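Summary of structural features
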Amino acid sequence: MSTGTRRHTDAEEAHAMDTYAHLWQAPPYPRRWVLWDTAGDVLVFDRDTNCLVDIDDGPTRREVLRRMREAGVPESDDYPGRPCA
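All of the points below concern the structure found in this document. Nothing here was measured: the structure is a model prediction, and the numbers come from that model.

With 5 of its 5 residues buried, strand E2 (residues 42-46) lies for the most part within the structure. Side chains Val42, Val44 and Asp46 project from E2 onto one buried face, and the interleaved Leu43 and Phe45 project onto a second face that is buried too. Direction of pairing for strand E1 (residues 33-37) relative to E2: antiparallel, over a ladder of 5 bridges. Paired with Trp36 across the strands is Leu43, a residue of E2. Hairpin remark: E1 followed by E2, antiparallel, with 4 residues in the connecting loop; positive phi at Ala39, about 55°. In terms of strand pairing, E2 meets strand E3 (residues 51-52) through 2 bridges, oriented antiparallel. Of the residues in E3, the one forming a bridge with Asp46 is Cys51. From the end of E2 to the start of E3, which pair antiparallel, there are 4 residues, and Asn50 there has a positive phi angle of about 60°.

Set out below in structure tokens:
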């Protein structure tokens with residue numbers, strides 16, 4: 001007696017997972033901007049120039065951080081740049 005529910009095969013399940021794999025894989029290139037949390041202070045780091053972005057400590061800085069977080073810019077406690085020469 002059948003319940004009318006069809007089980008997915010392993011191949012079908014694997015194909016479904018492959019279809020959505022891009023949602024959890026890192027992009028092929030690093031993002032340019034990172035919010036860097038340095039033990040109490042959040043700084044905007046530019047990976048292209050390997051430097052901090054100079055933003056005043058006032059309302060402008062808070063708004064920039066808010067918008068970047070809203071856009072999904074990654075945040076890190078670790079140094080987000082490459083080693084300095």
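Pairing geometry for E1 and strand E4 (residues 75-76), over 2 bridges, is parallel. Across the sheet, the residue bridging to Leu35 is Glu75, located in E4.

As for its position among the elements, Pro83 is in the segment after E4. On a C-alpha basis, the gap between Pro83 and Asn50 in space is 8.6 Å, while along the polypeptide they are 33 residues apart.

A few words now on the nonpolar core. Formed by Leu35, Val42, Val44, Leu65, Met68 and Val73, the largest nonpolar core amounts to 6 residues. When residues of this core are traced back to their parent elements, those giving at least two are E2 and helix H2 (59-70). Every residue in contact with Leu35, bar those within four places of it in the chain, is listed here: Val42, Leu43, Val44, Leu65, Met68, Arg69, Val73, Pro74, Glu75 and Ser76.

A positive phi angle, close to 55°, is found at Ala39, a residue other than glycine. As for its position among the elements, Ala39 is in the loop between E1 and E2. Owing to a relative accessible area of 81%, Ala39 belongs among the exposed residues under this scheme. With a phi close to 60°, Asn50 is a non-glycine residue in the positive phi region. For Asn50, the location among the structural elements is in the loop between E2 and E3.

The rules we used
- Residues numbered from 1 in each chain as written.
- Predicted model: local features only at pLDDT ≥ 70, side-chain atom pairs only at ≥ 80, totals over all residues.
- Heavy atoms only, no water.
- Buried < 20%, exposed > 50% of the residue type's maximum accessible area, 1.4 Å probe, protein only.
- Helix = DSSP H or I, 4+ residues; strand = E, 2+ residues; numbered from the N terminus.
- Pairing = 2+ DSSP bridges.
- Core = buried A, V, L, I, M, F, W, Y, C linked by side-chain atoms within 4.5 Å.
- Contact = heavy atoms within 4.5 Å.

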